[in-house]
Each structure stands twice: as C-alpha cells, then as structure tokens.
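# Examining the three-dimensional arrangement
Listed below, chain by chain, are the residues.
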Amino acid sequence: MNIWLVSAGIAILQTLLGNIIVFYNSPYLLLLHVFVAIILLALAIYGYFRVKLQMEKRILAGNIGLIVITGALGYLYTINASPIISIIHLLLAIGIVSNFSLLYGFERGQKYK
C-alpha cells in the first residue's frame, strides 16, 4: 500500500473528526483528533527523509509546516471558539489532504514512465 494514499486517507479522517467535534460539540474526540494529527506529522517527516525528488521534499516541508500551523490554530480554537479560526483551520486541513494526494499522483505517475 502506498504511504501517500494512506496519509491522504488519514487526513480525510482527521477532517471528518474535526467536523464532528465542531458540529456536535464533542470534546471526547479531541484527544483522538490530536493523536491523528501527530500520526500525520510523523508520516510527513518520515516521507521527507524517504523521498529523493526536490519537488516532493518541498511539498512535504510545506505539509509539515501546514500541520504545525493547523495544530496551533486548533489549540487557539479550543481557547477561543472563533468561527474564523475554525474556517482557516479547515482550509489548511484541506491543503494537507491535497498535498498528500498530489504526492500520491506523482508516485503513480513515476510507475508508468
């Protein structure tokens, strides 16, 4: 199984968990949400040291930054439940999903060269 496909799937699961937390006000899932974010960060760091192409390294460096910034915004959201923070947090999370999906596409494309 491909690491980028798994990472994109985990990022989608993470987005769904975040939506459940916000819409249903479920603080019990917050620890699971944080744990999944740590897994995504670990996958991005692992992938950064695994890939050889500079473009993939830049995408993964961006993903690492996105995950850290998104985590910081998530923490700010728990302190101050602002809808603006929640929307920015969601948009950055969509960026994480798209970056992992892009990496999956690159890897699939390299198999057919």
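Residues numbered from 1 in each chain as written. Predicted model: local features only at pLDDT ≥ 70, side-chain atom pairs only at ≥ 80, totals over all residues. Heavy atoms only, no water.

### Side note on the environment of Ser-101
With respect to the helices and strands, the residue Ser-101 is situated in helix 4 (residues 83-111). Separated by 97 residues in the primary sequence, Ser-101 and Trp-4 have C-alpha atoms spaced 6.7 Å apart. (Helix = DSSP H or I, 4+ residues; strand = E, 2+ residues; numbered from the N terminus.)

### Regarding the packing of aromatic side chains
A complete count under the given rule lists two aromatic pairs for this structure. When the ring of Trp-4 is compared with that of Phe-100, the centres are 6.2 Å apart and the planes differ by 20°; the resulting orientation is stacked. Of the two residues, Trp-4 is situated in helix 1 (residues 3-24) and Phe-100 in helix 4; the sequence distance between them amounts to 96 residues. A single burial state applies to Trp-4 and to Phe-100, both of which are buried. Plain terms: the ring middles of Tyr-48 and Phe-49 are 5.4 Å apart, the flat faces sit at 85° to each other, and that makes the pair edge-to-face. Given the relative accessible area of 65%, Phe-49 is considered exposed. (Phe/Tyr/Trp six-rings, centres within 6.5 Å; stacked < 30°, edge-to-face > 60°. Buried < 20%, exposed > 50% of the residue type's maximum accessible area, 1.4 Å probe, protein only.)

### A look at the UniProt feature "transmembrane region" (unreviewed entry) in the protein
If you check UniProt for "transmembrane region" (unreviewed entry), the listed places come out as residues 28-48, 60-78 and 84-106 in our numbering. In this annotation, residues 28-48 is assigned 90% helix and 0% strand; the end-to-end C-alpha distance for the span is 32 Å. For residues 60-78, helix accounts for 100% and strand for 0%, while the C-alpha atoms at its two ends are 27 Å apart. (UniProt positions renumbered as here; feature names shortened; annotations may be inferred.)

### Some thoughts on the confidence of the model for the protein
Of the residues in the protein, 98% have a pLDDT of 70 or more, and the chain-wide mean is 88. When pLDDT is averaged over each helix and strand of the protein, the minimum, 87, is found for helix 4 and the maximum, 92, for helix 2 (residues 30-50). (pLDDT = per-residue confidence, 0-100.)

### Observations concerning the packing of helix 1 against helix 2
For the pair helix 1 and helix 2, interaxial distance at closest approach is 10 Å and the crossing angle is 155°. Judged by the angle between their axes, helix 1 and helix 2 are roughly antiparallel. When you trace helix 1 past helix 2, the crossing you get is left-handed. Across from Ile-3, Trp-4, Ser-7, Ile-10, Ala-11, Gln-14, Leu-17, Gly-18 and Ile-21 in helix 1, the residues of helix 2 making contact are Leu-30, Leu-32, His-33, Val-36, Ala-37, Ile-39, Leu-40, Leu-43, Tyr-46, Gly-47 and Arg-50. Here the residues of the contact of helix 1 with helix 2 sort into 14 nonpolar, five polar and one charged. (Axes fitted to C-alpha atoms, helices over the stretch in contact; angles between N-to-C directions. Parallel < 35°, antiparallel > 145°, perpendicular 65-115°, else oblique. Left-handed = near helix turned anticlockwise from the far one by under 90°. Contact = heavy atoms within 4.5 Å. Nonpolar A, V, L, I, M, F, W, Y, C, P; charged D, E, K, R; others polar.)

### Some words on a nonpolar patch on the surface
A contiguous nonpolar patch, built from Ile-20, Val-22, Phe-23 and Tyr-24 and spanning about 460 Å² of accessible area, is present on the exposed surface. Relative to the assigned elements, Tyr-24 resides in helix 1. According to the relative accessible area criterion, Tyr-24 is exposed, its value standing at 66%. (Patch = residues over 30% accessible without salt bridge, like charges linked within 9 Å, V, L, I, M, F, W, Y side chains within 5 Å. Areas by Shrake-Rupley, 256 points an atom, 1.4 Å probe, with all protein chains shown as cover. Salt bridge = Lys/Arg side-chain N within 4 Å of Asp/Glu carboxyl O.)

### What about the pattern of salt bridges?
Using the criterion set out here, one finds one salt bridge in the structure. The partner of Glu-107 in a salt bridge is Arg-50, and the shortest N-O contact between them spans 3.9 Å. You can see Glu-107 sitting in helix 4 and its partner Arg-50 sitting in helix 2, a full 57 residues away along the chain. On the basis of relative accessibility, which here comes to 19%, the residue Glu-107 falls in the buried class. When its relative accessible area of 36% is taken as the criterion, Arg-50 is described as partly exposed.

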